[in-house]
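# Observations on chain architecture
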Amino acid sequence: MRRECMILLLLNLSEHFTNANKTCVKNEEKSLEWWQTAVYYQVYPRSFKDSNGDGIGDLKGIEEKAEHFKDIGVDCVWLSPIFKSPMADFGYDISDYNMIDPVYGTMNDFVSLQKKLQSLGIKIILDFVPNHSSDEHEWFKKSVDKIMPYKDYYVWRDAKCNDNNSIMPPNNWQSLFSNSAWTWNKKREQYYLHQFDRKQPDLNYRNKELVKEMKNNLRFWLDLGVDGYRVDAVPFLFEHPDFLDDIRKPEELAKKEKNTYEQYYHPNTMDLDETYDMINQFREVIDEYKQKDGKSRVMITEAYTSMENTMRYYGNDTNLGAHMPFNFGLIDRLNEYSNATKFNEAINNWLENMPDGKSANWVIGNHDNPRVATRFGGEMVDAMNMLNMLLPGAAFTYMGEEIGMSDTVIRWEQTVDPRGRNAGLSGFRTLSRDPARSPYQWNASANAGFTVSSKPWLPVNPNYWKLNLDAQRKQHCSHYTVYKRLARLRKTRTVQRGSFDGRELSQWVYAFTRSLPSAETYLVVMNVGSEDERVDLSNWPTLEKDETWLVHTPSVNSQYSIGYSLKANGFKLRPKSAMVLCNKRHSSSSSSTTPSISRSSLVFPVAMFVVALGFILTNP
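These figures come from a predicted structure and were not determined experimentally. (Residues numbered from 1 in each chain as written. Predicted model: local features only at pLDDT ≥ 70, side-chain atom pairs only at ≥ 80, totals over all residues. Heavy atoms only, no water.)

## Overview of the overall build of the chain
- When you go through the chain residue by residue, the secondary structure sums to 19 helices and 25 strands.
- Counting all 620 residues of the chain, 58% fall into the buried class.
- Relative to all contacts within the chain whose residues are 6 or more apart in sequence, the contacts with residues 24 or more apart total 69%.
- Total accessible area on the chain is roughly 27100 Å²; 50% of this is exposed by carbon and sulfur atoms. (Helix = DSSP H or I, 4+ residues; strand = E, 2+ residues; numbered from the N terminus. Buried < 20%, exposed > 50% of the residue type's maximum accessible area, 1.4 Å probe, protein only. Contact = heavy atoms within 4.5 Å. Areas by Shrake-Rupley, 256 points an atom, 1.4 Å probe, with all protein chains shown as cover.)

## Let's talk about the environment of Ile 403
- Among the structural elements, Ile 403 can be located in the loop between β17 (394–398) and α15 (418–431).
- Note on Ile 403: relative accessible area 0%, which makes it buried.
- Separated by 68 residues in the primary sequence, Ile 403 and Ala 471 place their C-alpha atoms 9.8 Å from one another.

## A few points about the confidence of the model for the chain
- Scored by pLDDT, the chain has a mean of 91; 89% of the residues are at 70 or more.
- Note that pLDDT drops below 50 for residues 1–28; the model gives that stretch 33 contacts with residues more than four away or on any other chain.
- Per-residue pLDDT stays below 50 along residues 586–618; that stretch engages in 47 contacts with residues further than four places along the chain or on separate chains. (pLDDT = per-residue confidence, 0-100.)

## Brief notes about the packing of aromatic side chains
- In this structure the tally under the stated criterion is 42 aromatic pairs.
- Both rings, one in Phe 90 and one in Trp 457, keep their centres 5.2 Å apart while their planes meet at 50 degrees; by these two values the pair is tilted. With a gap of 367 residues between them, Phe 90 in the loop between β3 (83–84) and β4 (96–100) and Trp 457 in the loop between α15 and α16 (469–474) connect regions that are remote in the sequence. Per residue, the accessibility class of Phe 90 equals that of Trp 457, and both read buried.
- Ring geometry for Phe 220 and Trp 221: centres 5.1 Å apart, planes at 80 degrees, overall edge-to-face.
- By relative accessible area, Phe 220 is classed as partly exposed at 28%. (Phe/Tyr/Trp six-rings, centres within 6.5 Å; stacked < 30°, edge-to-face > 60°.)

## Points about the sheet that holds strand β10 (residues 190–193)
- Spatially, β6-β10-β9 is the arrangement adopted by the three strands of the open sheet, whose pairing is antiparallel. Only two strands of the sheet have a single neighbouring strand rather than two, namely β6 (156–157) and β9 (182–185).
- When β6 meets β10, the two strands line up antiparallel, connected through two bridges. Pairing of Trp 156 across the sheet is with Tyr 192, part of β10. (Pairing = 2+ DSSP bridges.)

## Examining helix α5 (residues 107–119)
- Taking 1.5 Å as the rise per residue, α5 with 13 residues should run 18 Å; its terminal C-alpha atoms sit 18 Å apart, in good agreement.
- Among all positions of α5, only Asp 109, Phe 110, Leu 113, Gln 114 and Leu 117 are buried. In an axial view of α5, the angular spread of the buried residues amounts to 135 degrees, which keeps them on one side of the axis. Among the exposed residues of α5, those oriented more than 90 degrees off its buried face are Asn 108, Lys 115, Gln 118 and Ser 119. (Expected span 1.5 Å × (residues − 1). Arc of directions from axis to C-beta.)

## With respect to the layout of surface pockets
- Of the volumes computed, that of the largest pocket is approximately 980 Å³.
- The wall of the largest pocket is formed by 38 residues, among which Leu 176, Tyr 261, Glu 262, Tyr 304 and Arg 419 lie closest to the centre.
- For the lining of the largest pocket, the elements supplying multiple residues, two or more each, are β13 (264–265), α11 (329–332) and α15.
- For the lining of the largest pocket, a count of residues per class yields 16 nonpolar, seven polar and 15 charged.
- Within this model, the second largest pocket holds a volume of roughly 820 Å³.
- Around the second largest pocket, the lining comprises 33 residues; the ones closest to its centre are Leu 32, Gln 36, Gly 357, Lys 358 and Ser 359.
- Sorting the residues of the lining of the second largest pocket by element identifies α2 (34–37), α9 (273–293) and α18 (493–497) as the ones contributing at least two each.
- For the lining of the second largest pocket, the per-class residue count stands at 12 nonpolar, 10 polar and 11 charged. (1 Å grid on protein atoms, 1.4 Å probe; cavity = no way out; pocket = protein on both sides within 12 Å on 5 of 7 lines; lining within 4 Å. Points joined across faces, edges and corners; volume = space filled by probe spheres on them. Nonpolar A, V, L, I, M, F, W, Y, C, P; charged D, E, K, R; others polar.)

## A look at a nonpolar patch on the surface
- The grouping of Ile 247, Leu 253 and Tyr 265 at the surface amounts to a nonpolar patch, some 280 Å² of accessible area in total.
- In this fold, Ile 247 is placed in strand β12 (residues 247–248). (Patch = residues over 30% accessible without salt bridge, like charges linked within 9 Å, V, L, I, M, F, W, Y side chains within 5 Å. Salt bridge = Lys/Arg side-chain N within 4 Å of Asp/Glu carboxyl O.)

## Things to note about the sheet that holds strand β11 (residues 228–231)
- With respect to topology, eight strands assemble into an open sheet ordered β15-β14-β11-β5-β2-β1-β17-β16, the strand pairing being parallel. Strands at the two margins of the open sheet, each flanked by one partner only, are β15 (324–325) and β16 (361–363).
- The pairing of β11 with strand β14 (residues 298–301) spans four bridges and is classified as parallel. Within β14, the position partnered with Val 231 by the bridge is Thr 301.
- Contacts from helix α14 (residues 381–390) reach β1 (39–43), β16 and β17, with the element oriented near 140 degrees to β17. (Axes fitted to C-alpha atoms, helices over the stretch in contact; angles between N-to-C directions.)

## Details of the pairing of β17
- Burial of β17 is extensive: five of the five residues sit out of reach of the surface.
- A two-sided burial pattern is seen for β17, the buried positions comprising Ala 394, Phe 396 and Tyr 398 on one face and Ala 395 and Thr 397 on the other.
- Across four bridges, the pairing between β1 and β17 is parallel. Of the residues in β17, the one forming a bridge with Gln 42 is Tyr 398.
- For β16 and β17, the ladder comprises three bridges, and the chain directions are parallel. By the bridge assignment for β17, Trp 362 is matched with Ala 395.

## Details of unusual backbone geometry
- Along the chain, Met 148 connects to Pro 149 via a cis peptide bond; the corresponding omega equals 5 degrees.
- Counting through the fold element by element, Pro 149 comes out in the loop between α6 (138–144) and β6.
- One non-glycine residue, Met 87, adopts positive backbone phi at about 70 degrees.
- Take Met 87: it is sitting in the loop between β3 and β4.
- You can call Met 87 buried: its relative accessible area is 15%.
- Positive phi outside glycine occurs at Ser 178, with the angle close to 85 degrees.

## Quick look at empty space enclosed by the protein
- Using the criterion set out here, one finds two cavities of 30 Å³ or more in the structure.
- When its volume is computed, the largest cavity comes out at roughly 50 Å³.
- Lining the largest cavity are Ile 364, Arg 371, Val 372, Ala 373, Val 381, Met 384, Asn 385, Glu 401, Gly 404 and Met 405.
- Mapped by element, the contributors of at least two residues to the lining of the largest cavity are α13 (372–376) and α14.
- Per-element tally for the lining of the largest cavity: the top contributor is α14, with three residues.

## A few points about the nonpolar core
- One finds Phe 69, Leu 79, Tyr 205, Tyr 229 and Phe 343 to be the most contacted residues of the largest nonpolar core, which totals 119 residues.
- With seven residues, α9 is the largest single contributor of residues to this core.
- Residues in contact with Phe 343, not counting those within four places in the same chain, are Leu 334, Ser 338, Phe 376, Met 380, Met 384, Leu 387, Tyr 510, Met 526 and Val 528.
- With 17 residues, the next largest nonpolar core counts Val 535, Trp 540, Leu 543 and Leu 566 among its residues. (Core = buried A, V, L, I, M, F, W, Y, C linked by side-chain atoms within 4.5 Å.)

Shown next as structure tokens:
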């Protein structure tokens, strides 16, 4: 009888352990999807690593350097377009959506790269370019010849005639690359629309057969195992069916713009209601695959538009949109002159407008904008990486930001970007995207180790001899070492799940906390000004006035080192420097990303378990 009682006690204790663990898990937030907390690393393939000596980066080059992604803590690699293309816009003019362009390699090279990344635990997403194809795509050629079903795969319109009976474009719409968005096709005797380069004709999403083709393109690469897409230029998918003229800005504003597109407002070619429905249809294709195997894929949309329109790309409960629309607030709203108020506004503007239950993301650079070190100065690289990596949500890193690369000066005769070329000699410096696309700086050898060719497709930044990955790996404190510490910090429960509180501590000091009950609190403090600033945390209502903080990760230009102890009531920050601080109270709990059970809750049950087990073994 006693033995049966002890067995019953063991069973009850077992149930206690199980329930304790269930309670702990229940008390944690629901499990997060991989895409919600990932570090995404954008690779611009032409400029990452050249493996065959032709001066252009390729897939084998990316595979050769794949260990770098693992080293710096990347979760997902995003490849800018690698598909077959005449390269009028360097891959964004696609002539075959289901083929790899030979300049980048073969399909076997892609599969090999994919397997390499998988072996490192890194996911891969591709660019999806739905707004337009190349004019060398078979669809366009057949559309010119009015062959069904391709006849209306593109946006065609009849010409207007002026007073001299000469043909004119159907309306005044302008290309984002400047000048008219209409080009005359002699063979078809109609104008076709191109909201980007004339070699990028716009696809017609009012044609159901075209929509089916584009959805099948998504499925083609999903069937090959990619983990999702970044969707390019989504605001332009639909145009007003009446093709109304755009409204020209007041002349005093219009005449300041070198790009003719910026001289107009664009209510007829951007963010039409039909566009959001199409994004929902793309999302349904993405979700088909989760329904098949339970694995989440991600869809991220690119839209430079108003906050209101951007938030609509999240969709709603009945019509799911993107998992995340890109958040460009840290690019569009901030520069080297921004004070703490501007930083606070840029961050809160997204968080306060984001629909409930959705996930945030942060972007500080990409292939279309000047690099962080150029926009803010090299001294602010670490501070911006701290923002990007430690704010709540996903983080996007453009290749080279982990070492603080800056834009390269590209002369007019070296300019290849169509947006820059269209701006002419007087305007290319402002509009060309080439400077931010210069080759990655691996080491101090010729052409920064990017290529053995004597002439890379774009010039390497002349500072490569001192600013390169190899040099920073050897330094005790560098942008590279700072970035790695930030990436590790992102794995903590506090950063992945903790609350956010951002504040202006003075005109030039911005700070925010990431905190979670029973875990370490992290405090990021940054001096965005050009003079020394004194920091006082004692008036922060949720922090203890006498708290002692330890320096977890200082910027390269900080006067403090890792482990340095600071009091909340006052310390100084150098200009443009930043630090991640942590409190001392919960230092042992900061590294775990899994639920834990307190020791005190286990002491008595464990003791009883040992006694009961001993009794059973000695009293059979």
